[in-house]
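Remarks on the overall topology
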Amino acid sequence: MTRIFNRKMWGFMAMTLLCTQGAVAMETGDSPGTNREAIRINLSQAIDIALSDNPVIKVADREIALKKESNREAYAGLFPDISATGGYSRTLKKQTVVMEFGGESQTIQMGIDNSYNGGFVVSLPVFAPALYKSIRLTQTDVTLAVEKSRASRLDMINQVTKAYYQLLLAQDGYEVLQQSFRQAEANFDVVNEMYRQGMVSEYDKIRSEVQVRSLKPNVVSAENGVKLAKLQLKVLMGLEKDAEIEVEGNLKDYETELFARETADRSLSLENNSELKQIDLNAEMLFLNRKLQETNFMPTVSASFNYIYTSLSNHFRIRDYNWFPYSTAGLTLTVPLFRASNFPKLRKTQIQIQQLEETRLNTERMLQMQIAGCLNSMSAGTEQIASNRESILQAEKGRLIAQKRYEVGKGTIIELNDSEVALTQARLVYNQSIYDYLTAKADLDKVLGSEERIK
């Protein structure tokens, strides 16, 4: 009987400790003598802290700022470019000209030793289709970054919510095992007293004592499970591992609200699903990219203006230089005639658009399947909660009957142990059914893109 009890207890503890999305395998580092004041939080507060302190969310926000700067950079192309120029040249060998005068030749050197120039040059795009498409492309890129940030927030809400529920499950499981351990100790005290009075055999006393000792490791394991679940929640919240937190309530507190939500109307539209929105934005970016590539076939017009001072001299007495200004203004028209690489680029972009259309169709089907799975889990959880609540009442009644039968000598220690095992199982399964419903609801909210929270 002890072996059967141990196997069942370990099974439920494994289910309690391993149902998280990847356990955090690291030491808690909490010292027994720590007297740090614990912070009491509810689920909404835990989510708010995670959304403000978790590095993943901060990185997503930085990405938005980066894309906005890229958009400003694209807009900057509409403004004129102004630059100052200056130059100096030294004539190393002047041009020699031979001229004849009355039959005699004379050699003359042409040119100036020093030449200076300096001034300002202004250029401005007048008609630049590629620049206009680039601006629209960066605007869509900013929107995509915002949507990716929202996806990160939805994912963080989902992880924190399930980690919070996991901690509640671990704490409730620990409390159930503690109750079972205390009841086993009380049973042992009764059996031991009856043995001293010669009312039961030594076998009953030994079985009762073994029952107490076999429960102790399970209680310790459950306590470690609470620490592990708490550490995982702190990591997601962006807190240090030595920070002390306490979560409010237990899983049973959510039961009433669960049935209220079950009867409420629920929209199952994928309109707010972040994954589909990102695919749509990527499709829009591909469309704009194709438009940008088409501008390679369009002419461009740019305007320019310069104001330059020049000076020519054969010496280096700068104060004696004479400076002569001149300025020009003009338009430059560039008409692309042929570039072979433009055509493969357009075809490649079109193929990418078609690939994205197929990806969206497949993604929508997968999301619909996830919704159906979540709804089935929630429906099954609702039925299990009602059934398991009744099982607890029956198991408590069965334990009371087994205790009375044993006290009057009509029952056996095996019956008494069986009743304890049944009650512990009923309580653990009841908590697990609430947890399963809550995690399925959290996953459904993530798929639907909902940020609604259970307080």
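Everything numeric here is computed off the predicted structure, so don't read it as measured data.

In this model, helix H9 (residues 413–448) (36 residues) spans 53 Å end to end at C-alpha, consistent with the 52 Å of a helix rising 1.5 Å per residue. Most of H9 is tucked away, with 28 of its 36 residues classed as buried. A positive phi of about 75° marks Gly449, the residue just after H9.

Where strand S5 (residues 114–127) and strand S7 (residues 300–313) come together, 13 bridges link them in antiparallel fashion. Bridging from a neighbouring strand, Ser123 pairs with Ser304 of S7. As paired strands, S7 and strand S8 (residues 324–334) are joined by 11 bridges and run antiparallel to one another. Bridged to Tyr307 within S8 is Ser327.

Time to look at the environment of Thr363. Looking at the secondary structure, you find Thr363 in helix H8 (residues 342–407). Residues Thr363 and Leu276, 87 residues apart in the sequence, show an inter-C-alpha distance of 7.5 Å. Beyond its immediate sequence surroundings of up to four residues, Thr363 is in contact with Glu275, Leu276 and Ile279.

Turning our attention to the packing of aromatic side chains. In total, this model carries nine aromatic pairs according to the counting rule given. Ring centres of Tyr88 and Tyr116 lie 5.0 Å apart, and the angle between their planes is 40°; this geometry places the pair in the tilted category. Here Tyr88, found in strand S2 (residues 81–90), pairs with Tyr116, found in strand S5; they are 28 residues apart in sequence, far enough to count as distant. Of the residues examined, Tyr88 reaches a relative accessible area of 43% and is grouped as partly exposed. Judged by relative accessible area, which is 15%, Tyr116 ranks as buried.

Cut-offs and rules
- Residues numbered from 1 in each chain as written.
- Predicted model: local features only at pLDDT ≥ 70, side-chain atom pairs only at ≥ 80, totals over all residues.
- Heavy atoms only, no water.
- Helix = DSSP H or I, 4+ residues; strand = E, 2+ residues; numbered from the N terminus.
- Expected span 1.5 Å × (residues − 1).
- Buried < 20%, exposed > 50% of the residue type's maximum accessible area, 1.4 Å probe, protein only.
- Pairing = 2+ DSSP bridges.
- Contact = heavy atoms within 4.5 Å.
- Phe/Tyr/Trp six-rings, centres within 6.5 Å; stacked < 30°, edge-to-face > 60°.

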